[in-house]
Amino acid sequence: MRKEKRELLLRVIDLCESVRRNEVDPFEVRVGEFLRRLRELLPKLRDLQDLYLDLHALVGLTEVILKQEEWVKHRSSLLYLDPLLISLKVQVMSPKELAEVMVRAWHPTVELEVLSLPALSEAKDYWTNLPPLEERRRELEGGGEGAGELPLEELRRMGILGREEFEGLLRKLWEELRERAGKGGISYWEFISAPTFEETVRRAWLVSFLVSYGYAGMELKPLEDDLLLFPYPSPQRREEGMSVPISLSKEKWREKRGRGRRG
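Residues numbered from 1 in each chain as written. Predicted model: local features only at pLDDT ≥ 70, side-chain atom pairs only at ≥ 80, totals over all residues. Heavy atoms only, no water.

### Here's the deal with the packing of aromatic side chains
Per the stated rule, a full pass over the model turns up six aromatic pairs. Ring geometry for tryptophan 174 versus tyrosine 215: centroids 5.0 Å apart, planes at 70°, classification edge-to-face. One end of the pair, tryptophan 174, is in helix α9 (residues 163-181); the other, tyrosine 215, is in the loop between α11 (197-212) and β2 (216-221), with 41 residues separating them in the sequence. Classification of tryptophan 174 by relative accessible area gives buried; the value is 4%. Seen in terms of ring centroids, phenylalanine 209 and tyrosine 213 are 5.7 Å apart; in terms of plane orientation they differ by 65°. Their pairing is edge-to-face. Grouped by ring-pair contacts, the aromatic residues Trp205, Phe209 and Tyr213 constitute a single cluster. (Phe/Tyr/Trp six-rings, centres within 6.5 Å; stacked < 30°, edge-to-face > 60°. Helix = DSSP H or I, 4+ residues; strand = E, 2+ residues; numbered from the N terminus. Buried < 20%, exposed > 50% of the residue type's maximum accessible area, 1.4 Å probe, protein only.)

Structure (C-alpha coordinates):
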(Lines give C-alpha, C1' and ligand atoms only; values in the text may rest on other atoms or scores of the structure.)
Protein backbone atom coordinates (compact mmCIF):
# COMPACT_ATOMS: atom_id res chain seq x y z
CA MET A 1 0.00 0.00 0.00
CA ARG A 2 2.86 2.36 0.86
CA LYS A 3 4.50 1.60 -2.48
CA GLU A 4 1.30 2.47 -4.38
CA LYS A 5 1.05 5.83 -2.55
CA ARG A 6 4.61 6.68 -3.45
CA GLU A 7 4.07 5.66 -7.11
CA LEU A 8 1.05 7.98 -7.28
CA LEU A 9 3.07 10.91 -5.93
CA LEU A 10 5.93 10.22 -8.35
CA ARG A 11 3.52 10.12 -11.31
CA VAL A 12 2.09 13.52 -10.43
CA ILE A 13 5.60 14.95 -10.02
CA ASP A 14 6.74 13.48 -13.35
CA LEU A 15 3.66 14.89 -15.15
CA CYS A 16 4.30 18.36 -13.72
CA GLU A 17 7.96 18.13 -14.77
CA SER A 18 6.85 17.32 -18.33
CA VAL A 19 4.72 20.48 -18.35
CA ARG A 20 7.63 22.52 -17.03
CA ARG A 21 9.82 21.19 -19.89
CA ASN A 22 7.04 22.12 -22.39
CA GLU A 23 6.57 18.45 -23.32
CA VAL A 24 2.88 18.41 -22.25
CA ASP A 25 0.13 21.00 -22.74
CA PRO A 26 -0.66 22.45 -19.27
CA PHE A 27 -4.37 22.40 -20.07
CA GLU A 28 -4.23 18.61 -20.51
CA VAL A 29 -3.43 18.25 -16.79
CA ARG A 30 -6.55 17.74 -14.66
CA VAL A 31 -5.35 19.87 -11.77
CA GLY A 32 -8.62 19.66 -9.82
CA GLU A 33 -8.68 15.86 -9.87
CA PHE A 34 -5.02 15.61 -8.88
CA LEU A 35 -5.50 18.00 -5.95
CA ARG A 36 -8.45 15.93 -4.76
CA ARG A 37 -6.35 12.77 -4.85
CA LEU A 38 -3.51 14.45 -2.95
CA ARG A 39 -5.97 15.75 -0.35
CA GLU A 40 -7.32 12.22 0.18
CA LEU A 41 -3.81 10.81 0.36
CA LEU A 42 -2.28 13.31 2.82
CA PRO A 43 -3.85 11.92 6.07
CA LYS A 44 -2.55 8.45 5.18
CA LEU A 45 1.09 9.54 4.82
CA ARG A 46 3.39 8.73 7.73
CA ASP A 47 6.89 8.59 6.26
CA LEU A 48 8.85 11.86 6.07
CA GLN A 49 9.98 11.07 2.52
CA ASP A 50 6.36 10.60 1.39
CA LEU A 51 5.40 13.92 2.96
CA TYR A 52 8.25 15.59 1.06
CA LEU A 53 7.04 14.02 -2.21
CA ASP A 54 3.49 15.21 -1.47
CA LEU A 55 4.79 18.77 -1.04
CA HIS A 56 6.81 18.46 -4.26
CA ALA A 57 3.71 17.30 -6.13
CA LEU A 58 1.66 20.20 -4.75
CA VAL A 59 4.30 22.72 -5.83
CA GLY A 60 4.37 21.10 -9.28
CA LEU A 61 0.60 21.49 -9.69
CA THR A 62 0.95 25.13 -8.66
CA GLU A 63 3.49 25.63 -11.46
CA VAL A 64 1.05 24.02 -13.92
CA ILE A 65 -1.61 26.57 -12.90
CA LEU A 66 0.92 29.37 -13.46
CA LYS A 67 1.66 27.96 -16.92
CA GLN A 68 -2.04 28.01 -17.72
CA GLU A 69 -2.28 31.62 -16.53
CA GLU A 70 0.70 32.64 -18.69
CA TRP A 71 -0.93 31.02 -21.73
CA VAL A 72 -4.19 32.92 -21.18
CA LYS A 73 -2.37 36.25 -20.69
CA HIS A 74 -0.32 35.68 -23.85
CA ARG A 75 -3.37 34.93 -25.98
CA SER A 76 -5.17 37.95 -24.53
CA SER A 77 -2.27 40.25 -25.37
CA LEU A 78 -2.38 39.04 -29.00
CA LEU A 79 -6.12 39.69 -29.24
CA TYR A 80 -6.60 35.97 -29.96
CA LEU A 81 -9.93 35.11 -31.57
CA ASP A 82 -11.62 31.86 -30.68
CA PRO A 83 -12.47 29.68 -33.74
CA LEU A 84 -16.12 29.70 -32.67
CA LEU A 85 -16.26 33.51 -32.85
CA ILE A 86 -14.75 33.43 -36.34
CA SER A 87 -17.29 30.81 -37.43
CA LEU A 88 -20.17 32.95 -36.16
CA LYS A 89 -18.74 36.01 -37.92
CA VAL A 90 -18.57 34.15 -41.23
CA GLN A 91 -22.19 33.01 -40.90
CA VAL A 92 -23.52 36.58 -40.59
CA MET A 93 -21.43 38.02 -43.44
CA SER A 94 -23.00 38.53 -46.86
CA PRO A 95 -21.59 36.84 -50.00
CA LYS A 96 -20.25 40.22 -51.15
CA GLU A 97 -18.37 40.77 -47.87
CA LEU A 98 -16.94 37.27 -48.01
CA ALA A 99 -15.77 37.82 -51.59
CA GLU A 100 -14.05 41.08 -50.61
CA VAL A 101 -12.24 39.34 -47.73
CA MET A 102 -11.10 36.55 -50.06
CA VAL A 103 -9.78 39.03 -52.65
CA ARG A 104 -7.79 40.91 -49.97
CA ALA A 105 -6.31 37.71 -48.57
CA TRP A 106 -5.75 35.89 -51.88
CA HIS A 107 -2.09 35.69 -52.90
CA PRO A 108 -1.90 33.07 -55.69
CA THR A 109 1.39 31.28 -56.29
CA VAL A 110 2.46 30.60 -59.88
CA GLU A 111 4.73 27.60 -60.41
CA LEU A 112 6.12 26.07 -63.58
CA GLU A 113 7.72 22.62 -63.61
CA VAL A 114 9.84 21.50 -66.56
CA LEU A 115 12.27 18.67 -67.27
CA SER A 116 15.87 19.77 -67.67
CA LEU A 117 18.16 18.41 -70.37
CA PRO A 118 20.26 16.38 -67.83
CA ALA A 119 17.06 14.77 -66.48
CA LEU A 120 15.94 13.83 -70.01
CA SER A 121 19.38 12.36 -70.73
CA GLU A 122 19.26 10.31 -67.49
CA ALA A 123 15.80 8.97 -68.38
CA LYS A 124 17.00 7.98 -71.88
CA ASP A 125 19.99 6.08 -70.40
CA TYR A 126 17.70 4.26 -67.94
CA TRP A 127 15.32 2.95 -70.60
CA THR A 128 18.16 2.13 -73.01
CA ASN A 129 20.03 0.01 -70.44
CA LEU A 130 16.92 -1.69 -69.02
CA PRO A 131 16.92 -5.48 -69.72
CA PRO A 132 14.15 -6.82 -72.01
CA LEU A 133 10.78 -7.52 -70.43
CA GLU A 134 11.01 -11.30 -70.97
CA GLU A 135 14.34 -11.42 -69.17
CA ARG A 136 13.01 -9.41 -66.21
CA ARG A 137 9.93 -11.67 -66.02
CA ARG A 138 12.12 -14.80 -65.85
CA GLU A 139 14.12 -13.28 -62.99
CA LEU A 140 10.95 -12.54 -61.05
CA GLU A 141 9.49 -16.00 -61.65
CA GLY A 142 12.70 -17.71 -60.60
CA GLY A 143 13.02 -15.77 -57.36
CA GLY A 144 10.08 -17.29 -55.50
CA GLU A 145 7.72 -20.21 -55.19
CA GLY A 146 5.20 -18.77 -57.66
CA ALA A 147 1.66 -17.60 -57.26
CA GLY A 148 -1.13 -19.70 -55.81
CA GLU A 149 -4.33 -19.67 -53.81
CA LEU A 150 -4.77 -20.00 -50.09
CA PRO A 151 -7.82 -21.92 -48.88
CA LEU A 152 -10.46 -20.07 -46.89
CA GLU A 153 -9.55 -21.90 -43.68
CA GLU A 154 -5.94 -20.75 -44.03
CA LEU A 155 -7.04 -17.14 -44.54
CA ARG A 156 -9.20 -17.39 -41.44
CA ARG A 157 -6.32 -18.83 -39.45
CA MET A 158 -4.11 -15.93 -40.55
CA GLY A 159 -6.80 -13.44 -39.60
CA ILE A 160 -7.38 -12.28 -43.19
CA LEU A 161 -11.17 -12.26 -43.32
CA GLY A 162 -13.86 -10.91 -45.58
CA ARG A 163 -15.72 -7.71 -44.77
CA GLU A 164 -18.82 -9.46 -43.41
CA GLU A 165 -16.77 -11.75 -41.20
CA PHE A 166 -14.66 -8.83 -39.97
CA GLU A 167 -17.74 -6.77 -39.10
CA GLY A 168 -19.15 -9.82 -37.30
CA LEU A 169 -16.01 -9.99 -35.16
CA LEU A 170 -16.27 -6.29 -34.34
CA ARG A 171 -19.92 -6.54 -33.32
CA LYS A 172 -19.21 -9.60 -31.18
CA LEU A 173 -16.39 -7.76 -29.37
CA TRP A 174 -18.60 -4.66 -29.05
CA GLU A 175 -21.32 -6.75 -27.35
CA GLU A 176 -18.70 -8.18 -25.00
CA LEU A 177 -17.49 -4.65 -24.17
CA ARG A 178 -21.03 -3.44 -23.49
CA GLU A 179 -21.66 -6.40 -21.19
CA ARG A 180 -18.40 -6.09 -19.23
CA ALA A 181 -18.24 -2.28 -19.04
CA GLY A 182 -21.89 -1.74 -18.05
CA LYS A 183 -22.92 1.92 -17.82
CA GLY A 184 -19.39 3.07 -17.00
CA GLY A 185 -16.20 1.78 -18.52
CA ILE A 186 -13.50 -0.83 -18.13
CA SER A 187 -9.72 -0.76 -18.02
CA TYR A 188 -8.32 -1.03 -21.55
CA TRP A 189 -5.62 -3.49 -20.43
CA GLU A 190 -8.11 -5.57 -18.48
CA PHE A 191 -10.39 -5.85 -21.52
CA ILE A 192 -7.76 -6.83 -24.10
CA SER A 193 -5.86 -9.13 -21.75
CA ALA A 194 -5.99 -12.81 -22.77
CA PRO A 195 -4.22 -16.03 -21.66
CA THR A 196 -1.76 -15.74 -24.56
CA PHE A 197 0.18 -12.80 -25.94
CA GLU A 198 -1.01 -13.55 -29.49
CA GLU A 199 -4.68 -13.39 -28.49
CA THR A 200 -4.02 -10.17 -26.56
CA VAL A 201 -2.52 -8.57 -29.69
CA ARG A 202 -5.53 -9.75 -31.72
CA ARG A 203 -7.99 -8.21 -29.24
CA ALA A 204 -6.01 -4.94 -29.14
CA TRP A 205 -6.10 -4.85 -32.95
CA LEU A 206 -9.88 -5.30 -33.01
CA VAL A 207 -10.38 -2.70 -30.24
CA SER A 208 -8.49 -0.17 -32.37
CA PHE A 209 -11.17 -0.62 -35.05
CA LEU A 210 -13.95 -0.32 -32.46
CA VAL A 211 -12.59 3.11 -31.52
CA SER A 212 -11.86 4.17 -35.13
CA TYR A 213 -15.34 3.18 -36.35
CA GLY A 214 -17.12 4.93 -33.46
CA TYR A 215 -18.27 1.85 -31.53
CA ALA A 216 -16.29 2.83 -28.43
CA GLY A 217 -14.26 5.65 -26.90
CA MET A 218 -11.15 5.89 -24.73
CA GLU A 219 -10.14 8.24 -21.94
CA LEU A 220 -6.61 8.63 -20.54
CA LYS A 221 -6.15 7.99 -16.80
CA PRO A 222 -2.60 9.31 -16.14
CA LEU A 223 -2.65 8.71 -12.38
CA GLU A 224 -3.56 5.04 -12.83
CA ASP A 225 -1.22 4.64 -15.84
CA ASP A 226 -4.17 3.20 -17.75
CA LEU A 227 -6.88 3.92 -20.31
CA LEU A 228 -10.63 3.79 -19.71
CA LEU A 229 -12.45 1.99 -22.52
CA PHE A 230 -16.20 2.60 -22.76
CA PRO A 231 -18.80 1.53 -25.36
CA TYR A 232 -21.25 3.82 -27.13
CA PRO A 233 -24.94 2.79 -27.19
CA SER A 234 -24.77 2.96 -30.98
CA PRO A 235 -21.94 3.60 -33.48
CA GLN A 236 -20.96 7.28 -33.55
CA ARG A 237 -20.28 9.00 -36.82
CA ARG A 238 -16.82 10.64 -36.86
CA GLU A 239 -16.01 13.59 -39.08
CA GLU A 240 -12.37 12.59 -39.05
CA GLY A 241 -10.36 9.57 -38.01
CA MET A 242 -9.06 8.99 -34.52
CA SER A 243 -5.65 7.49 -33.79
CA VAL A 244 -4.32 6.44 -30.40
CA PRO A 245 -0.84 4.86 -30.52
CA ILE A 246 -0.41 2.21 -27.76
CA SER A 247 2.76 0.21 -27.19
CA LEU A 248 2.21 -3.50 -26.54
CA SER A 249 5.09 -5.84 -25.78
CA LYS A 250 5.37 -9.21 -24.09
CA GLU A 251 6.91 -7.55 -21.03
CA LYS A 252 4.02 -5.09 -20.69
CA TRP A 253 1.52 -7.91 -21.27
CA ARG A 254 3.07 -9.95 -18.44
CA GLU A 255 3.14 -6.88 -16.17
CA LYS A 256 -0.54 -6.04 -16.77
CA ARG A 257 -1.63 -9.65 -16.29
CA GLY A 258 0.39 -9.82 -13.09
CA ARG A 259 -1.38 -6.72 -11.73
CA GLY A 260 -4.75 -8.21 -12.63
CA ARG A 261 -4.04 -11.41 -10.71
CA ARG A 262 -2.89 -9.53 -7.62
CA GLY A 263 -6.01 -7.37 -7.74
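Right, picking up where we left off after that structure.
### Topic: unusual backbone geometry
Phi at asparagine 22 is positive, roughly 60°, even though this residue is not glycine. Note on placement: asparagine 22 falls in the loop between α1 (2-20) and α2 (31-41). A residue is classified by how much of its surface remains accessible, and asparagine 22, at 61% relative accessible area, is exposed.

### Let's talk about the pairing of strand β3 (residues 226-231)
Look at any regular strand and the pattern is simple: side chains alternate between the two faces of the sheet. Sheet topology places strand β1 (residues 186-187) next to β3; two bridges connect them, and they run antiparallel. Note that in β3 the partner of serine 187 across the bridge is leucine 228. Here β2 runs beside β3; their pairing, made up of six bridges, is antiparallel. Counterpart to methionine 218 in the pairing with β3 is leucine 229. (Pairing = 2+ DSSP bridges.)

### Quick notes on the layout of surface pockets
The method is simple in principle: a probe with the dimensions of a water molecule rolls over the atoms, and the space it marks as empty is what remains. Taken as a whole, the second largest pocket encloses approximately 250 Å³ of empty space. If you list the elements that add at least two residues to the lining of the second largest pocket, you get α1 and β2. (1 Å grid on protein atoms, 1.4 Å probe; cavity = no way out; pocket = protein on both sides within 12 Å on 5 of 7 lines; lining within 4 Å. Points joined across faces, edges and corners; volume = space filled by probe spheres on them.)

### Notes on a nonpolar patch on the surface
Judged by side-chain polarity, Phe27, Trp71 and Val72 come together as a nonpolar surface patch covering roughly 280 Å² of accessible area. The topology assignment puts tryptophan 71 in helix α3 (residues 48-77). Residue tryptophan 71 is classed as partly exposed on the basis of its relative accessible area, which comes to 38%. (Patch = residues over 30% accessible without salt bridge, like charges linked within 9 Å, V, L, I, M, F, W, Y side chains within 5 Å. Areas by Shrake-Rupley, 256 points an atom, 1.4 Å probe, with all protein chains shown as cover. Salt bridge = Lys/Arg side-chain N within 4 Å of Asp/Glu carboxyl O.)

### Quick word on the pattern of salt bridges
In the structure shown here, the tally under the stated rule is ten salt bridges. Of the charged contacts, one joins arginine 21 and glutamate 17 as a salt bridge, the two residues approaching to 4.0 Å between their closest N and O atoms. A relative accessible area of 41% means that arginine 21 is categorised as partly exposed. For glutamate 17, a relative accessible area of 21% corresponds to the partly exposed category. Taking the shortest distance from any N to any O, the salt bridge between arginine 30 and glutamate 219 comes out at 2.8 Å. With arginine 30 in the loop between α1 and α2 and glutamate 219 in strand β2, this residue pair connects regions lying 189 residues apart in the sequence. Residue arginine 30 is classed as partly exposed on the basis of its relative accessible area, which comes to 37%. Residue glutamate 219 is classed as partly exposed on the basis of its relative accessible area of 24%. Beyond isolated ion pairs, a larger network of salt bridges with shared partners links Glu17, Arg20, Arg21 and Glu23.

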